[in-house]
Number of protein chains: 2
Amino acid sequence: MNVLIVYAHPERRSLNGAINDFTVERLRANGHHVQVSDLYAMNWKAPLDAHDVRDRNADAPFHASLDSKRAFENGLQSRDIEIEQDKLRWADALILQFPLWWFSMPAIMKGWVERVYAYGFGYGVGEHSETHWGDRYGEGLMTGKRAMIVVTTGGWESHYSPRGINGPIDDILFHIQHGMLFYPGFDVLQPFVLYETHRMDEARLHATYDALGQRLDGLWDDAPIAFRKQNHGDYAIPQLTLRDELAAGKTGFAAHID
Amino acid sequence: MNVLIVYAHPERRSLNGAINDFTVERLRANGHHVQVSDLYAMNWKAPLDAHDVRDRNADAPFHASLDSKRAFENGLQSRDIEIEQDKLRWADALILQFPLWWFSMPAIMKGWVERVYAYGFGYGVGEHSETHWGDRYGEGLMTGKRAMIVVTTGGWESHYSPRGINGPIDDILFHIQHGMLFYPGFDVLQPFVLYETHRMDEARLHATYDALGQRLDGLWDDAPIAFRKQNHGDYAIPQLTLRDELAAGKTGFAAHID
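Residues numbered from 1 in each chain as written. Chains lettered and ligands numbered in written order. Predicted model: local features only at pLDDT ≥ 70, side-chain atom pairs only at ≥ 80, totals over all residues. Heavy atoms only, no water.

Participant: Lay out the interface of chain B and chain A in plain terms, naming residues and giving numbers.
Facilitator: Listed as interface residues are 70 residues of chain B and, on the opposing side, 70 residues of chain A. The largest contributions to the chain B side of the interface with chain A come from Trp102(B), Arg163(B) and Ile165(B), which together make up 20% of the buried area. For the pair chain B and chain A, the interface holds zero salt bridges. Taken together, the links from chain B to chain A amount to 34 residue pairs in polar contact (both at pLDDT 80 or more). Counting residues per element, the ones that place at least two in the side of chain B that touches chain A are helix H4 (107-116), helix H5 (169-172) and helix H6 (174-182) of chain B. A per-element tally of the side of chain B that touches chain A places H4(B) first, with six residues. A breakdown of the residues in the side of chain B that touches chain A according to their chemical character gives 38 nonpolar, 19 polar and 13 charged. (Contact = heavy atoms within 4.5 Å. Buried area = accessible area lost by both parts, 1.4 Å probe. Salt bridge = Lys/Arg side-chain N within 4 Å of Asp/Glu carboxyl O. Polar contact = N/O pair within 3.5 Å; in protein donor to acceptor, adjacent residues only side chain to side chain. Helix = DSSP H or I, 4+ residues; strand = E, 2+ residues; numbered from the N terminus. Nonpolar A, V, L, I, M, F, W, Y, C, P; charged D, E, K, R; others polar.)

This is the structure we're talking about:
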């Protein structure tokens with residue numbers, strides 16, 4: 001199988017760099033083909049802007065979604081965007097690897113999502129009407145592909161526990177796992193989270209590799225998170241609210257998992 | 001009072017641009033001093049990296065937090081970071097204005113947070129031990145200042161309602177409001193959210209200005225979100241879990257609001 005790892009860390013000689021090397025080696029040892037988009041090494045352009053469209057009329061106001069649509073449909077996207085889209089087409093699985101910075105992904109990776117997920121590719125896919133609100137949340141161009149987050153944080157696991165001060169890790173990651181991965185169609189696996197990165201020694205590093213290795217070995221077989229699909233009857237359309245009889249009385253992110 | 005608006009939109013001739021103009025005018029009409037950090041116009045450098053530190057040993061591995069600490073303490077930060085920190089020192093209130101992209105702020109604004117929130121400035125403030133986990137979540141250098149998000153989205157309000165498919169807007173914004181604003185000490189006001197930006201006409205724009213204007217007029221008097229402070233007894237330290245008797249049985253983001 002083909003695996004794309006999108007990786008964001010500013011220093012190769014780091015825990016994240018070591019984890020990235022381990023991940024590539026393990027996947028290759030398992031017979032998979034691997035590509036790494038090392039965003040810092042690529043000097044990836046983070047901000048989405050008018051330069052992302054080739055041959056555009058510089059006098060016309062730039063419209064993020066409409067310009068993206070036109071560029072995607074007409075082969076006028078910036079070349080760096082097209083290359084990443086081709087990697088996603090090639091991939092059977094996507095791994096996003098990053099340190100958790102301010103409770104989200106690093107800016108450079110956010111910019112990868114914003115720019116690579118063009119209108120017609122990452123969103124704006126399928127019929128968009130009052131009766132079908134696009135092919136998204138379980139449908140879309142990434143259908144049949146798997147995705148997993150590999151994330152590190154200095155905080156303790158208890159800080160991200162159900163009543164931890166930072167909020168539960170699943171809720172913290174929801175905007176990525178549900179909003180950026182399930183949205184264009186990926187089956188999203190449970191995240192691999194490494195806490196207390198400041199407390200790392202050889203023994204713990206090897207235990208980490210063992211645990212991560214098992215997750216990588218299960219990339220094709222582990223059950224994905226059971227996010228509810230938008231277009232399979234669970235949601236009223238176009239309001240897109242969960243039907244009363246499902247997860248009755250529940251609100252919040254957890255209601256969107258079956 | 002002094003208001004800093006950090007604004008991220010790639011096109012000035014846009015709804016966000018108009019809202020930004022309105023906000024500046026309204027605040028000035030109310031007698032306040034206003035500075036705008038227009039991140040796209042400034043060509044703000046989004047990725048946090050080794051170039052953020054002046055005079056560093058290029059052979060040594062870059063460590064995001066330790067290099068930031070050393071640079072902040074020794075006046076070795078990149079000049080663009082220092083300028084933004086001075087604006088925050090000057091400000092009595094901070095407004096973050098942006099379009100909601102992939103359920104978070106645009107990459108360029110995330111990079112503002114990552115780079116401007118240096119170790120010793122945005123985090124790593126105060127005693128950090130097993131009995132006092134830093135001055136954060138209600139304490140820190142931004143104590144006494146107010147903050148508010150002004151955000152636009154194409155989705156419907158129902159899509160962000162308590163059982164809406166995107167997740168409740170308060171939960172979507174939690175990683176920003178709690179994780180990036182309350183964390184360094186800001187009192188965080190309710191966000192101003194404009195939905196269905198594609199459905200905009202003159203009448204609705206004026207209604208929007210009226211509603212936003214009222215919020216801007218209330219910037220000093222409106223009650224902030226009652227996020228629980230870390231160091232006032234609500235949390236066990238160092239586990240940082242909410243004490244059993246508070247919001248008993250509740251989990252998730254809402255438990256952290258009193």
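Participant: Lay out the side chain of Thr153(A) in plain terms, naming residues and giving numbers.
Facilitator: All names here are of chain A. Residue position: Thr153 is located in the loop between strand S4 (146-152) and helix H5 (169-172). Its relative accessible area of 6% is what places Thr153 among the buried residues. Those residues in contact with Thr153 that lie beyond four places of it in its chain are Leu100, Tyr160, Val193, Leu194, Tyr195, Glu196 and Thr197. (Buried < 20%, exposed > 50% of the residue type's maximum accessible area, 1.4 Å probe, protein only.)

Participant: So what's going on with the packing of aromatic side chains? Residues and values would help.
Facilitator: When we look at a pair of aromatic rings, we describe it by the centre distance and by the angle of the planes. Within the structure shown, the criterion is met by 33 aromatic pairs over all chains. Their ring planes at 40° and their centres at 5.8 Å tell us that Tyr160(A) and Tyr195(A) sit as a pair that is tilted. Of the two residues, Tyr160(A) sits in the loop between S4 and H5 while Tyr195(A) sits in the loop between strand S6 (192-194) and helix H7 (202-217), which places them 35 residues apart along the sequence. You'll find Tyr160(A) and Tyr195(A) in the same group, each marked buried. Seen in terms of ring centroids, Phe174(B) and Phe227(B) are 6.0 Å apart; in terms of plane orientation they differ by 80°. Their pairing is edge-to-face. Residue Phe174(B) is found in helix H6, and its partner Phe227(B) is found in the loop between helix H7 (202-217) and helix H8 (230-234); the two are separated by 53 residues along the sequence. As far as burial versus exposure is concerned, Phe174(B) and Phe227(B) are alike and both buried. One residue, Arg115(A), lies across the ring of Trp44(A), its end atom 4.8 Å from the ring centre. (Phe/Tyr/Trp six-rings, centres within 6.5 Å; stacked < 30°, edge-to-face > 60°. Lys NZ or Arg CZ within 6 Å of the ring centre and 35° of its normal.)

Participant: Talk me through unusual backbone geometry; I want residue IDs and the actual numbers.
Facilitator: Looking along the chain, the bond that leaves Ile237(A) and enters Pro238(A) is cis, with omega of 15°. For Pro238(A), the location among the structural elements is in the segment after helix H8 (230-234). The backbone of Glu196(A) sits at a positive phi, close to 50°, despite the residue not being glycine. Positionally, Glu196(A) belongs in the loop between S6 and H7. Positive phi, close to 45°, is recorded for Ala247(B), a residue that is not glycine. Mapped onto the secondary structure, Ala247(B) falls in the segment after H8. With a relative accessible area of 22%, Ala247(B) lands in the partly exposed category.

Any link to function would need more than the numbers given here.
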